[in-house]
Amino acid sequence: MSLRADPRPAAADVRRFTPAQRWIHRTTAALMGVCVVTAACLYVPQLAELVGRRALVVTLHVWSGLALPVPVLAGLASRAFRADLGRLNRFGPHDRTWLRAALRRDARHGSRPAGKFNAGQKIYAAWIAGASVVMLATGLMMWLTHLTPLFWRTSATFVHDWLALTLGIVLAGHIGMALADPEARRGMRTGRVSGEWADREHPLWRE
């Protein structure tokens, strides 16, 4: 049985994201960007000297981190957003096929079947969600020093710092892949993508 669905009319645009979904993504991206930039200013000596005002940088870093879950939690009021969370949380046989093709570096579109989100996007979403929770928990331990023993705070600092570095690398990869796909960026910017792109990149997806 073929995994490929019947194609749409080539000229038709398809709605990919609602305004609420785009707001969630943009707000989360802005908060994450503040976290990453302020973290760099706190840990890279050259940037720390250039920016100065360490107390202000710390305040921005702490409050942007605390606010990071807010857009997602507010977005749960959106039915479309909840539906996408369900899609991101489900792996099917086509996702395993996609991963095998990616590991073989098989770039043929027919070898990488995907629904609205491909397997790589699902793994990224799961990883970034888990990493954000760990960063929030360890950051709170470092901030509220009177609530936890010294050993916990030392361990939290180690995890927070190294996970922050990993997070920065993963985010750079995410941004690089977005820059390489103008149609995907159009979908996040306007909410719509071309039917031709949807059939090529996400052949199993239907609204």
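In case you missed it, the structure is sitting above this.
About the criteria used
- Residues numbered from 1 in each chain as written.
- Predicted model: local features only at pLDDT ≥ 70, side-chain atom pairs only at ≥ 80, totals over all residues.
- Heavy atoms only, no water.
- Core = buried A, V, L, I, M, F, W, Y, C linked by side-chain atoms within 4.5 Å.
- Buried < 20%, exposed > 50% of the residue type's maximum accessible area, 1.4 Å probe, protein only.
- Helix = DSSP H or I, 4+ residues; strand = E, 2+ residues; numbered from the N terminus.
- Contact = heavy atoms within 4.5 Å.
- Salt bridge = Lys/Arg side-chain N within 4 Å of Asp/Glu carboxyl O.

## With respect to the nonpolar core
Where a protein is soluble and globular, its nonpolar side chains tend to be buried together.
Logical step 1: Ranked by size, the top nonpolar core spans nine residues in total: L31, M32, L68, I128, A131, M135, L163, L167 and L171.
Logical step 2: Contributing elements (two or more residues each) for this core: α1 (19–43), α7 (119–143) and α8 (150–179).
Logical step 3: Sequence-distant contacts of L167, that is, excluding residues within four places in its chain, are made with M32, W127, I128 and A131.

## Description of the pattern of salt bridges
Logical step 1: Considering all chains together, one arrives at nine salt bridges under this definition.
Logical step 2: Here E183 ties to R186 by a salt bridge, and the two come within 2.8 Å at their closest N and O atoms. Within this pair, E183 and its partner R186 are both found in helix α9 (residues 182–190), separated by three residues, close to a single helical turn.
Logical step 3: Put simply, R200 and E196 hold a salt bridge, and the shortest N to O gap is 2.7 Å. Placement of the pair is R200 and E196 together in helix α10 (residues 195–201), with a separation of four residues, close to one helical turn.
Logical step 4: Residue classification places E196 among the partly exposed positions, given a relative accessible area of 41%.
Logical step 5: Counted as one network, the salt bridges with shared partners bring together D13, E183 and R186.

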